[in-house]
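Coordinate inspection notes
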Amino acid sequence: MKKIGIIFALKEELDETKKLFKDTIVHSIYELKIYECCNENVTCFLVESGMGKVNAARSTQILIDSMKVDYVLNVGVAGSISRDINKCDIVVADKLVQHDFDLRPLGYDKGEIHNVGKYVNCDKELIELAKIIKIETNVKIGVIASGDIFVTDEKMGAKINKNFGALCVEMEGASVAQVCHLCNIPFLVIRAISDSPYEKNNNITFEEFLKISSDMVSRFIAQLIERIK
Ligand code: ADE
């Protein structure tokens with residue numbers, strides 16, 4: 001049976017997916033709680049990493065080393081940085097970039113990591129599985145940009161969109177991608193949009209949409225893990 005590690009930044013995001021399973025075993029590693037959940041096809045290991053790239057990278061490495069996962073999914077919410085991406089839409093990453101990584105003084109491109117490259121590609125087979133999922137919202141496939149900044153400034157978002165062709169921003173995906181790439185583990189990042197500077201009342205939308213978007217993305221995950229054999 002395949003083992004899938006699923007990394008969430010926030011408890012609200014994890015809780016929606018944990019509801020999909022009847023029984024869970026809890027593993028404690030350092031301060032992390034890893035929930036082992038099974039269905040007929042797969043065993044999933046759910047972890048709340050905390051926010052930001054370092055937290056997510058650390059949880060990814062722990063899932064790979066301690067739980068010996070075959071796949072990693074990074075799931076949660078993201079902010080839109082494109083007029084074409086609205087709240088509650090789902091974005092499946094085809095590749096990820098760290099928009100705050102900057103070695104330009106050393107001759108690299110903005111976002112380029114010396115030992116990894118600029119973009120890290122998600123697993124092609126997982127993307128194909130994601131493409132056939134049926135859900136009552138728009139699903140877009142494209143670049144997701146990660147950085148240790150909660151982006152609310154429309155200009156900053158527009159710049160990230162222009163520089164990297166990214167559809168949305170979050171704070172973990174590209175670091176999960178980097179660790180998986182270095183460890184040769186297939187991975188996919190899936191995000192539901194919780195906030196957008198292009199829609200009204202943006203300051204309250206994150207709170208409001210966190211639960212709705214987490215529910216949306218957990219239903220997407222439910223279908224995805226059924227298809228992983
Ligand atoms: N996660 C959800 N919304 C976000 C935003 N606007 N910036 C960074 N991470 C996010």
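Preceding this paragraph is the structure being described.
Notes on the structure follow.

1. So, the side chain of Ser59
- Within the element layout of this structure, Ser59 appears in helix H2 (residues 53-66).
- Overall, the relative accessible area of 1% leaves Ser59 in the buried class.

2. Digging into helix H3 (residues 124-131)
- By the burial criterion, the buried members of H3 are Leu126, Ile127 and Ala130. The buried residues of H3 occupy an angular sector of 100° when projected down its axis, which confines them to one face. Residues of H3 that are exposed and point over 90 degrees away from its buried face: Lys124 and Glu125.
- Of the residues flanking the start of H3, the one acting as N-cap is Asp123, its side-chain oxygen 3.3 Å from the backbone nitrogen of Glu125.

3. Structural notes on the site of the ligand
- With respect to spatial proximity, the complete set of residues near the ligand consists of Val77, Ala78, Gly79, Ile149, Phe150, Val151, Val169, Glu170, Met171, Ser194, Asp195 and Phe206.
- Here a nitrogen atom of the ligand and a backbone polar atom of Gly79 are 3.2 Å apart.
- In this structure, Asp195 approaches the ligand through a side-chain N or O atom, which is 2.7 Å from a nitrogen atom.
- The protein chains hide 95% of the 260 Å² of surface that the ligand would expose on its own.
- If you map the ligand onto the pockets, it falls in the largest pocket.
- The set of elements that each furnish at least two residues to the shell around the ligand consists of strand E5 (71-80), strand E9 (166-170) and strand E10 (187-195).
- Among the elements that take part in the shell around the ligand, E5 stands out by supplying 3 residues, more than any other.
- Counted by class, the shell around the ligand contains 8 nonpolar, 2 polar and 2 charged residues.

Definitions and cut-offs
Residues numbered from 1 in each chain as written. Predicted model: local features only at pLDDT ≥ 70, side-chain atom pairs only at ≥ 80, totals over all residues. Heavy atoms only, no water. Helix = DSSP H or I, 4+ residues; strand = E, 2+ residues; numbered from the N terminus. Buried < 20%, exposed > 50% of the residue type's maximum accessible area, 1.4 Å probe, protein only. Arc of directions from axis to C-beta. Polar contact = N/O pair within 3.5 Å; in protein donor to acceptor, adjacent residues only side chain to side chain. Near = heavy atom within 4 Å. Areas by Shrake-Rupley, 256 points an atom, 1.4 Å probe, with all protein chains shown as cover. 1 Å grid on protein atoms, 1.4 Å probe; cavity = no way out; pocket = protein on both sides within 12 Å on 5 of 7 lines; lining within 4 Å. Sits in = over half its atoms within 2 Å of the grid points. Nonpolar A, V, L, I, M, F, W, Y, C, P; charged D, E, K, R; others polar.

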